[in-house]
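So you can see what is in the structure, the chains are spelled out below.
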Amino acid sequence: MRYNERELLSLARQPAEKAAEILMRVPKKGSVLKKRLVKLVVNFLFYFRTDEAEPLGALLLEHCRITKEEENVFSISFIEDPDRKYSFECDTEEQCQEWIEALRRASYEFMRRSLIFYRNEIQKMTGKDPLEQYGISEEARFQL
């Protein structure tokens with residue numbers, strides 16, 4: 001997927017579903033934990049120096065694995081390159097768990113499965129397909 005820098009900067013400025021200053025390590029040799037402002041916007045995780053407005057980078061949260069490593073630590077790795085791991089250290093175990101849950105809910109695939117589930121539940125209750133009124137009920141992306 002391609003994005004231009006202007007689109008990403010615009011997205012990074014949008015209100016965040018979750019944001020905090022936490023310790024982060026990027027997957028570079030010799031990388032150390034550094035305090036970063038981490039911001040979840042839709043299905044992107046932006047990270048910033050704590051004193052700068054422009055992001056240092058962004059992670060697209062698709063085809064990734066979010067893993068709890070230790071009590072206050074979680075990591076993000078990508079299926080196509082599992083050895084390349086981004087590590088995050090939170091202040092508390094509770095904060096760590098909140099981040100893990102928010103990140104898992106952020107992927108397009110999670111949202112798609114949720115839409116299909118609730119679509120089927122509404123259809124069972126009402127006997128009508130709630131997507132029919134939008135003319136998209138037969139689209140493959142809304143099928144199991």
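Residues numbered from 1 in each chain as written. Predicted model: local features only at pLDDT ≥ 70, side-chain atom pairs only at ≥ 80, totals over all residues. Heavy atoms only, no water.

S.K.: When you look at the UniProt feature "domain: PH" (unreviewed entry) in the protein in this model, what are you seeing that I'm missing?
M.R.: Taking the numbering used here, the UniProt-annotated feature "domain: PH" (unreviewed entry) corresponds to residues 15-108. Annotated as residues 15-108, this span is 15% helix and 51% strand, and its ends, taken at the C-alpha atoms, are 18 Å apart. (UniProt positions renumbered as here; feature names shortened; annotations may be inferred. Helix = DSSP H or I, 4+ residues; strand = E, 2+ residues; numbered from the N terminus.)

S.K.: Explanation requested: the sheet that holds strand β4 (residues 57-60) in the structure shown.
M.R.: Consider a sheet: its strands pair through backbone hydrogen bonds, and that pairing is either parallel or antiparallel. Here seven strands make up an open sheet; going across it, the order is β4-β3-β2-β1-β7-β6-β5 and the pairing antiparallel. With one partner strand each, in any of the chains shown, β4 and β5 (64-70) form the two edges of the open sheet. With strand direction ignored, the average angle separating the axes of adjacent strands in the sheet is 35 degrees. For strand β3 (residues 44-49) and β4, the ladder comprises four bridges, and the chain directions are antiparallel. (Pairing = 2+ DSSP bridges. Axes fitted to C-alpha atoms, helices over the stretch in contact; angles between N-to-C directions.)

S.K.: What should I look at first to understand unusual backbone geometry in this one?
M.R.: What is expected of a backbone is that most residues other than glycine have negative phi and most peptide bonds are trans. Phi at V42 takes a positive value of approximately 55 degrees, unusual for a residue other than glycine. Take V42: it is sitting in the loop between β2 (34-41) and β3. Overall, the relative accessible area of 43% leaves V42 in the partly exposed class. Despite not being glycine, H63 shows a phi value in the positive range, around 55 degrees. By secondary structure assignment, the location of H63 is in the loop between β4 and β5. A relative accessible area of 59% places H63 in the exposed class. (Buried < 20%, exposed > 50% of the residue type's maximum accessible area, 1.4 Å probe, protein only.)

S.K.: I would appreciate a short explanation of the nonpolar core in the present structure.
M.R.: Nonpolar side chains in soluble globular proteins tend to be buried together. By size, the foremost hydrophobic cluster in this structure holds 23 residues, and its most contacted members are L45, F74, I76, F88, W99 and L103. Elements supplying a minimum of two residues to this core: β1 (18-25), β2, β3, β5, β6 (73-78), β7 (81-89) and α2 (93-105). For this core, the element with the most residues is α2, which contributes five residues. Those residues in contact with F74 that sit more than four places away from it in its chain are I66, T67, K68, E69, Y86, S87, F88, C90, C96, W99, I100 and L103. (Core = buried A, V, L, I, M, F, W, Y, C linked by side-chain atoms within 4.5 Å. Contact = heavy atoms within 4.5 Å.)

S.K.: Help me understand the layout of surface pockets, please; the structure alone is not making it clear to me.
M.R.: Over the atoms, a rolled probe matching the size of one water molecule traces out where space is still vacant. Put simply, the largest pocket is a space of about 290 Å³. Taken together, 14 residues form the lining of the largest pocket, with V26, K28, S31, K34 and R36 sitting closest to its centre. The set of elements that each furnish at least two residues to the lining of the largest pocket consists of β1, β2, β3 and β7. The computed volume of the second largest pocket comes to approximately 220 Å³. Surrounding the second largest pocket, L61, E62, H63, C64, I66, L103, R104, S107, Y108, E109, F110 and R113 form its lining. Those elements giving two or more residues to the lining of the second largest pocket turn out to be β5, α2 and α3 (108-126). In terms of residues, the lining of the second largest pocket owes the most to one element, α3, which gives four residues. Classifying every residue of the lining of the second largest pocket by side-chain character gives six nonpolar, two polar and four charged. (1 Å grid on protein atoms, 1.4 Å probe; cavity = no way out; pocket = protein on both sides within 12 Å on 5 of 7 lines; lining within 4 Å. Points joined across faces, edges and corners; volume = space filled by probe spheres on them. Nonpolar A, V, L, I, M, F, W, Y, C, P; charged D, E, K, R; others polar.)

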